[in-house]
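# A look at the structure
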2 protein chains.
Amino acid sequence: MATEYLGIDIGGTNVKMGIVEAETGNISNFYSHDTGDWRKSGHFVKSLGDAISVQLKQNPEVSKCGIGVPGLITRDRQSLIEITAIPEIDGISVIPELKDRFKGKDFFLENDANAAALGEYYFGEGDVPEDYIFVTLGTGVGGAAIIDKTVFKGGGGNAMEPGHMPSKNGRVLERNIGKVELLNLATDMRAAWTGETVLVADGTISTMGLVSAATEGDKLALEIFEEVGTLLGDGLISMIRILDINTILIGGGLSASFEYILPAINKQIEFWLSPYYKKGLSIKRATLANDAGLLGAASLCF
Amino acid sequence: MATEYLGIDIGGTNVKMGIVEAETGNISNFYSHDTGDWRKSGHFVKSLGDAISVQLKQNPEVSKCGIGVPGLITRDRQSLIEITAIPEIDGISVIPELKDRFKGKDFFLENDANAAALGEYYFGEGDVPEDYIFVTLGTGVGGAAIIDKTVFKGGGGNAMEPGHMPSKNGRVLERNIGKVELLNLATDMRAAWTGETVLVADGTISTMGLVSAATEGDKLALEIFEEVGTLLGDGLISMIRILDINTILIGGGLSASFEYILPAINKQIEFWLSPYYKKGLSIKRATLANDAGLLGAASLCF
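Since we're looking at a predicted model, the values are computed, not measured.

Tallying the contact residues gives 35 residues for chain A and 35 residues for chain B. For the pairing of chain A and chain B, the buried interface totals around 2,800 Å² over both sides, and the portion due to carbon and sulfur atoms is 62%. Our count for the chain A to chain B interface comes out at four salt bridges. Here B:R75 ties to A:D148 by a salt bridge, and the two come within 2.4 Å at their closest N and O atoms. Residue assignment for the side of chain A that touches chain B shows that the elements contributing at least two residues are α8 (219-243), α9 (258-272) and α10 (275-278) of chain A. For the side of chain A that touches chain B, the element with the highest residue contribution is α8(A), accounting for seven residues. Looking at the side of chain A that touches chain B residue by residue, the classes come out as 18 nonpolar, nine polar and eight charged.

All right, on to the packing of α8(A) against helix α8 (residues 219-243) of chain B then. Running from N to C, α8(A) and α8(B) point in directions that differ by 70 degrees, and their axes come no closer than 11 Å. With respect to each other, α8(A) and α8(B) are oriented roughly perpendicular. Considering the relative orientation of α8(A) and α8(B), their crossing is right-handed. Between α8(A) and α8(B), the residues in contact are A:S238, A:M239, A:I242 and A:L243 and B:M239, B:I242 and B:L243, respectively. A class-by-class count of the residues in the contact of α8(A) with α8(B) yields six nonpolar, one polar and no charged.

Turning to the packing of helix α7 (residues 207-215) of chain B against α8(B), a few remarks are in order. The geometry of a pair of packed helices is captured by two quantities: the angle between their axes and the separation between those axes. Residue and element names in this part refer to chain B. Contact geometry for α7 and α8: axes closest at 7 Å, N-to-C directions at 115 degrees. Between α7 and α8, the crossing angle belongs to the class labelled roughly perpendicular. The hand of the α7/α8 crossing is left-handed. Between α7 and α8, the residues in contact are L210, V211, A213 and A214 and A221, L222, I224 and F225, respectively. Residues of the contact of α7 with α8, tallied by class, amount to eight nonpolar, no polar and no charged.

A few words now on the sheet that holds strand β7 (residues 106-111) of chain A. All names here are of chain A. Taken together, the five strands give an open sheet; going across it, the order is β3-β2-β1-β4-β7, and neighbouring strands pair in mixed fashion. Each having just a single partner strand, β3 (27-34) and β7 make up the two edges of the open sheet. Direction aside, the axes of adjacent strands within the sheet are offset by 15 degrees on average. Each of β4 (64-69) and β7 is contacted by helix α3 (residues 94-101), which is oriented at about 160 degrees to β7, the strand it contacts most.

The next subject is the relation of the copies chain A and chain B. For these two chains of identical sequence, chain A goes onto chain B by a turn of 180 degrees and a shift of 0.0 Å along the axis, with RMSD 0.0 Å. The relationship between the two copies is best expressed as a two-fold rotation axis. Interface overlap between copies: 100% of the residues of chain A at the interface are likewise at the interface in chain B, consistent with a symmetric, same-surface contact.

Looking now at the domain arrangement of chain A. Residue and element names in this part refer to chain A. Split into domains, chain A comes out as domain 1 (4-121 + 291-299) and domain 2 (127-286). Distance from the C-alpha centre of domain 1 to the C-alpha centre of domain 2: 28 Å. At the interface, 14 residues of domain 1 touch 19 residues of domain 2. Buried surface at the junction of domain 1 and domain 2, summed over both partners, amounts to about 1,400 Å²; 57% is from carbon and sulfur atoms. When residues of domain 1 are sorted by the area they lose upon contact with domain 2, R75, E120 and Y121 head the list and together hold 42% of the total.

Reading the values: the criteria
Residues numbered from 1 in each chain as written. Chains lettered and ligands numbered in written order. Predicted model: local features only at pLDDT ≥ 70, side-chain atom pairs only at ≥ 80, totals over all residues. Heavy atoms only, no water. Contact = heavy atoms within 4.5 Å. Buried area = accessible area lost by both parts, 1.4 Å probe. Salt bridge = Lys/Arg side-chain N within 4 Å of Asp/Glu carboxyl O. Helix = DSSP H or I, 4+ residues; strand = E, 2+ residues; numbered from the N terminus. Nonpolar A, V, L, I, M, F, W, Y, C, P; charged D, E, K, R; others polar. Axes fitted to C-alpha atoms, helices over the stretch in contact; angles between N-to-C directions. Parallel < 35°, antiparallel > 145°, perpendicular 65-115°, else oblique. Left-handed = near helix turned anticlockwise from the far one by under 90°. Pairing = 2+ DSSP bridges. Least-squares fit on C-alpha atoms with pLDDT ≥ 70 in both. Domains from an automatic or database assignment.

Okay, structure coming up:
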């Protein structure tokens, strides 16, 4: 019988869980629970345990469970430190609690971006090496580093916050190229634009509209993504120089713009890096998309 | 009898070696060989072996030898990749060669900045934690990260090149605050300065002169170091966010200016970092000074 793991992706809106087949990444018994309901109950961790209990009853052969959480956790991966979206669980030693309730089962905790990054190694399409930098572009700019097919924890346990590196204009990177900031940038550049463009001028540009315009070769849309790629590129150079890793995977919702930000990233690489780093350097789009969180959580069980 | 290690610090000018007492860091049997002479002989590694042979004959109880080199090495710490100052030894598998010549002895290879960083843990004054970032300010800006009292190698084996992170004016950090650039900056700021200052106006400002002026409270000198601290601070923030380490040791010749660059670094920390990182954050001057290379090399034997 195939090895199966329980993967759990705890988010600010939903807690998604499902049984993941280790060899294929096929997901079965998928459930999405409402995070808000569990919070209102005042018993978030008990609700989590109840949902796990149902899963394990239905899948008694599963002995390992991986959990991804959106926030800071302890270096020993036993406890939560700061989960901004669910602050009432801060400080809870969730792994010992679950192990105590489910004797004989193993539980693994990880930050959700770290888990999603690791998921690319075990479940992603194509060749993913054992060392890579993973950056997610969305509302914020998150990230992780995988070294020796293991999450890089850094010193305190919560390494890799690329979105909070200093960037242009006295702002951190994600305050320059996060989703809201990208759309603000687009609105500003649209206002100053005198050439042709399909982008609307009434301040309602959407990310989908931007990507669609770029697909059609719209010059303004391409210039906007060039700026994003330039700023992201600077951050990537710093990460490459600090971590000595030259495979980059880019995921998250805004990675739909991957091919339009790539030329500017490549320009930065050409400008800043020496041959040692450029040899074999590879920048790819992450492949797991919507299932990244759940598959990432399951990948903690390997 | 006390445990003793052979420490070897290979530099572009000298190869320094000596017997280091593990408990105290006392150095005996110190020799400094001329790197140029060994290079001219055309047998650099053989000369190194001969010098080691003499040391081990005189100190037969020594069974471990640590070697620091100024350049890139393989991730398995067996071979040299790119030693800019001594290019003829690039690609040599120096550790297997030495082990073959000296049966029963152990040899450890590390980049010199990494070794110097680790030396602070074993031989530095005061309390050094098991995780820290180490930055050297000198002709260039070098660095290392120690995690779990071990050199952080990153993905490819040569992590931590803080001097090559993008900085202001389209330049990497060390092209803004390396020794030459610092003195150019000082000359430029002196030319534009209309207030009082003890700094000379004829383009011959020295680093010693700068530090001495700052010691006397010279406003221009302090402004120059403020700029250095601001740029270094930006780089440190990125490292802290990527590595989740909040103890910083600053070494190298220009660290004589430590107390004058510190206020600007602290300002950057206050501006960019969240409480998670600021809690327990500590920035200190490294303590090993001139012996850092040799003691660092010996510390590889622990």
